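# Reading the structure
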Amino acid sequence: VITRPEMEIGRYHWMYRSSRPHRYHHVPALRGNVSPLGIQGCFECCIKCLGGVPYASLVATILCFSGVALFCGCGHVALTGTVSILEQHFSTTPTDHALLSEVIQLMQYVIYGIASFFFLYGIILLAEGFYTTSAVKELHGEFKTTACGRCISGMFVFLTYVLGVAWLGVFGFSAVPVFMFYNIWSTCEVIKSYQANVTVPGDQICVDIRQYGIIPWNAVPGRACGPILENICNTNEFYMSYHLFIVACAGAGATVIALIHFLMILSSNWAYLKDASKMQAYQDIKAKEEQELQDIQSRSKEQLNSYT
């Protein structure tokens, strides 16, 4: 069996077997952006960098940021408009809606925390995508995955799953004000159609906010009927709040989709890292066996040379 050192020695003798002086040969000109030293040009470096970008994680991050921004921004303004509508038309006594005002103020503070947390969490997941992408592309190089890195990837999978389930609840909760405002808007449309036909008086058509449980039953007036309700639907607060709640609900849905996308990416990357660790263990064992075999061959040759 010819070992690697013997092959290197044979190649050395083959390359330098003559004592003739060195002859310079013409080197053809290199084309493209590759330098004579073999260093890649700007175009090749850009292509290599673009090849290492985790596009799936990048798309999920942009979708997550957009969804959270729509939910937090539009939801904050819509809640402020809702309080204004209640105070002006459905609950003129401040003590009747004091609890609701405190809850809405607390929800606005929660929105600030959600926006800050997901901004940081999206950046972390994007960085983790860069990490795992480089790990997959460098499986046969000098890159080494550690148990800590695999544990962190598994933790991100679990945390993203929990956040996805939580955002499903947020998405369902954000649909409640949309449903309430849609009922009020549809009632106003019915009043307009009755006024056009002049067959049924519009004063008999009312909307009672107290039945939704957001204000107590002793709130005054608690409901709006006929032209008063129609005027409420024509105000800027109602129009803006209604459409902002729709956009906030759509933002929550986009965030759910982004988290599901993140969950698929993280699960795939964790599986790749697990396979990479197994491949590294196999390569380490193989290198160790090859080194032991070379040591045995070298010792046997030394013994043979000592006998001869």
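Residues numbered from 1 in each chain as written. Predicted model: local features only at pLDDT ≥ 70, side-chain atom pairs only at ≥ 80, totals over all residues. Heavy atoms only, no water.

### Thoughts on the packing of aromatic side chains
This is how it is decided: Each Phe, Tyr or Trp ring (for Trp, its six-membered ring) is paired with any other whose centre lies within 6.5 Å, and the angle between the two planes then decides the class: stacked below 30 degrees, edge-to-face above 60, tilted in between. A helix here means a DSSP run of H or I that spans at least four residues, while a strand means a run of E at least two residues long, and both kinds are numbered starting from the N terminus. A simple rule labels every residue: compare its accessible area, found with a 1.4 Å probe on the protein chains alone, to the largest value its type can have, and call it buried under 20%, exposed over 50%, or partly exposed in between.
In total, this model carries 14 aromatic pairs according to the counting rule given. On the numbers, 5.3 Å between centres and 35° between planes, the contact of Phe181 with Phe238 is tilted. Here the residue Phe181 occupies a position in helix H5 (residues 147-197), and Phe238 occupies one in helix H7 (residues 236-307), the gap between them amounting to 57 residues. Side by side, Phe181 and Phe238 carry an identical accessibility label, which is buried. Centre to centre, the rings of Tyr182 and Trp185 are 6.0 Å apart; their planes meet at 35°, and the pair counts as tilted.

### Some points on the nonpolar core
Keep this limit in mind: In this text, buried Ala, Val, Leu, Ile, Met, Phe, Trp, Tyr and Cys residues form a nonpolar core when linked through side-chain atoms within 4.5 Å.
Grouped together as the largest cluster of nonpolar side chains are 49 residues, with contacts concentrated most on Phe90, Phe118, Trp167, Ile184, Ile209 and Leu229. Elements with a minimum of two residues in this core: helix H3 (55-90), helix H4 (98-137), H5, helix H6 (226-233) and H7.

### A look at a nonpolar patch on the surface
The cut-off we apply is this: Only residues above 30% relative accessible area that lack a salt bridge enter a patch, with like-charged residues linked at up to 9 Å and the nonpolar side chains Val, Leu, Ile, Met, Phe, Trp and Tyr linked at up to 5 Å. We get accessible surface area from the Shrake-Rupley algorithm with a probe of 1.4 Å; when it comes to residues, only the shown protein chains can shield them. Every case where a carboxyl oxygen of Asp or Glu lies within 4 Å of a side-chain nitrogen of Lys or Arg is listed as a salt bridge.
Residues Phe158, Tyr161, Val162 and Val165 make up a contiguous nonpolar surface patch of roughly 420 Å² in combined accessible area. Structurally, Phe158 is set in helix H5. Taking the relative accessible area as the measure of exposure, Phe158 reaches 59% and is therefore exposed.

### Some thoughts on the UniProt feature "transmembrane region" (unreviewed entry) in the protein chain
For clarity, the threshold we go by: UniProt positions are given in the numbering used here, feature names are shortened, and annotations may be inferred rather than shown by experiment.
Mapped onto this structure's residue numbering, the UniProt feature "transmembrane region" (unreviewed entry) falls at residues 58-86, 106-131, 152-176 and 244-266. Helix makes up 100% of residues 106-131 and strand 0%, and the two end C-alpha atoms of the span are 37 Å apart. Span residues 244-266 is 100% helix and 0% strand, its end C-alpha atoms 32 Å apart.

### A word on the environment of Gly251
In plain terms, the rule: By the convention used here, residues are in contact when the closest approach between their heavy atoms is within 4.5 Å.
The topology assignment puts Gly251 in helix H7. Taking C-alpha positions, Gly251 is 9.8 Å from Gly73, a pair spaced 178 residues apart along the chain. The contacts of Gly251, once residues within four sequence positions are left out, are Gly67, Leu70 and Phe71.

### A few points about the environment of Gly81
Structurally, Gly81 is set in helix H3. When neighbours within four sequence positions are excluded, Gly81 is seen to be in contact with Glu237 and Ser241.

### Observations concerning a negative patch on the surface
Note the threshold: Charge assignment: positive for Lys and Arg, negative for Asp and Glu; neither His nor the chain ends contribute. Each charge is placed at NZ for Lys, CZ for Arg, CG for Asp and CD for Glu.
A cluster of acidic residues, Glu289, Glu290, Glu292 and Asp295, forms a negative patch at the surface. Position of Asp295 among the secondary structure elements: in helix H7. With relative accessibility at 30%, the residue Asp295 sits in the partly exposed group.

### Quick word on the side chain of Gln108
Which entries qualify depends on this criterion: A 3.5 Å cut-off defines polar contacts: any pair of N or O atoms within that distance qualifies, except that in protein one atom must be a possible hydrogen donor and the other a possible acceptor, and neighbouring residues in sequence count only when both atoms are side-chain atoms.
Relative to the assigned elements, Gln108 resides in helix H4. Exposure remark for Gln108: the relative accessible area of 14% places this residue in the buried category. Here the side chain of Gln108 touches His76 through a polar contact of 3.5 Å, landing on its backbone oxygen. Apart from the residues lying within four places of it in its own chain, the contact partners of Gln108 are His76, Leu79 and Thr80.

### Brief notes about the state of the cysteines
Basically, it comes down to this: Only a pair of cysteine sulfur atoms within 2.5 Å counts as a disulfide in this structure description.
Enumeration according to the criterion identifies 2 disulfides in this entry. With its sulfur 1.8 Å from that of its partner, Cys188 forms a disulfide with Cys233. When the S-S torsion is 60°, as for the bridge of Cys188 with Cys233, the disulfide is right-handed. On the criterion of sequence distance, the pair formed by Cys188 in helix H5 and Cys233 in helix H6 is long-range, its members being 45 residues apart. What pairs with Cys206 in a disulfide is Cys225, and their sulfur atoms sit 1.8 Å apart. A torsion of 110° about the S-S bond marks the disulfide between Cys206 and Cys225 as right-handed.

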